[in-house]
Amino acid sequence: MTYELLENIIPKQMIEYLQSYTSTVKKRIKPIEGKPKPNGSGVYWKGLDMASSFEFATDDENEKLYHIYTSNFMYNLITKYIPEPYLFNDQIVVKEPFEQFDFKPHYDNQFGPHPNDKSLLTINCMLVLDDFTPENGAIKVFDKEWVTLYPKKGDVLLIEGNTLHSSEMNKSDSIRRAYLCVYSNKSIGEGFQKGFYHKKFNNNLT
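Numbering of residues starts from 1 in every chain and runs along the sequence as written. With the structure being a predicted model, the display of local features is reserved for residues of pLDDT at least 70 and the display and counting of side-chain atom pairs for 80 or more, all residues being used for whole-chain, interface and lining totals. Side-chain measures here rest on the full set of heavy atoms in the structure, leaving out hydrogens and waters.

Draft legend 1. Representation of the environment of Y81 within the structure. Numbered from the N terminus, helices here are DSSP runs of H or I no shorter than four residues, and strands are runs of E no shorter than two. When you line up the elements, Y81 lands in the loop between helix 3 (72-78) and strand 2 (86-95). Exposure is judged per residue with a 1.4 Å probe applied to protein chains only, and the accessible area is read against the type maximum: over 50% gives exposed, under 20% gives buried, and values in between give partly exposed. Judged by its relative accessible area of 23%, Y81 is partly exposed. Along the primary structure Y81 and E160 are separated by 79 residues, whereas in three dimensions their C-alpha atoms are 9.9 Å apart. Residues in contact with Y81, not counting those within four places in the same chain, are M1, E4, L6, L121, I123 and L158. A polar side-chain atom of Y81 sits 3.1 Å from a polar atom in the side chain of E4. Contacts are assigned to residue pairs with any non-hydrogen atoms lying within 4.5 Å of each other. Two N or O atoms count as a polar contact when they lie within 3.5 Å, although within protein this holds only if one can serve as hydrogen donor and the other as acceptor, and sequence-adjacent residues are included solely when both atoms are side-chain atoms.

Below you can see the structure in the form of structure tokens.
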């Protein structure tokens, strides 16, 4: 698998909560971009990695997001591709109108911790919270050739960790939000950079 688009499968209540909370998080990280971060990548950027352990969120907010990351919904989704998954990282990516925020062509595994381990399988499950359009930063994936995708609100786009992909800045008048849940077939997060999730994803976590 390089990528797969699962259409209209996110529960409505989950979409509504994530739309609201990701917008809230975006407002909180804007003033601290570039400052040290206690976990994950170790620095605050325009998005947020290790989003469910955000130091500027309440315990309740982090718990709610972690509950989604480790929900039965996500477990049933990822185990079709990784039968025994491990937690690794969850991210919030919000592109505001005309914000200088894009992703150059890359594949997720290149950032480590084991970029040359061909037995490592990671899958980025992007929960799409707004329709992607040509104007707001539609995503491109490389599958023998570059393909532009326009997932809709409620879709989940799965991208395998060695698949090249990119996205452009948001040139529309509306916000573009996504919540990304990343899982792996091995425990890889402990001790990597400032530390990511590393426990086995069991469906009794929540």
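Draft legend 2. View of the state of the cysteines. Disulfide: a pair of cysteine sulfur atoms within 2.5 Å of each other. Using the criterion set out here, one finds zero disulfides in the structure. C181 supplies the cysteine sulfur nearest to C125, a cysteine that is in no disulfide, at a spacing of 6.6 Å. Using a relative accessible area of 0% as the deciding quantity, one classes C125 as buried.

Draft legend 3. How the structure looks around the packing of aromatic side chains. Pairing of aromatic side chains here covers Phe, Tyr and the six-membered ring of Trp, requires ring centres within 6.5 Å, and sorts the geometry by plane angle: under 30 degrees stacked, over 60 edge-to-face, intermediate tilted. Scanning the model with the defined rule gives 17 aromatic pairs in all. The interplanar angle of 50° and the centroid separation of 5.5 Å between the aromatic rings of Y66 and Y197 together place this pair among those described as tilted. Of this pair, Y66 sits in helix 2 (residues 59-69) while Y197 sits in the segment after strand 9 (176-184); the two residues are 131 residues apart in sequence, bridging distant segments of the chain. Of the aromatic side chains, those joined through ring pairs into one cluster are Y66, Y69, Y75, Y183, Y197 and F201. In this scheme, Lys NZ or Arg CZ marks a charge over a ring once it lies within 6 Å of the ring centre and within 35 degrees of the ring normal. Positioned above the aromatic ring of Y44 is the side chain of K37, whose terminal nitrogen or guanidinium carbon lies 6.0 Å from the ring centre. The cationic tip of K95 hangs over the ring face of F101; the distance from NZ or CZ to the ring centre is 5.8 Å.

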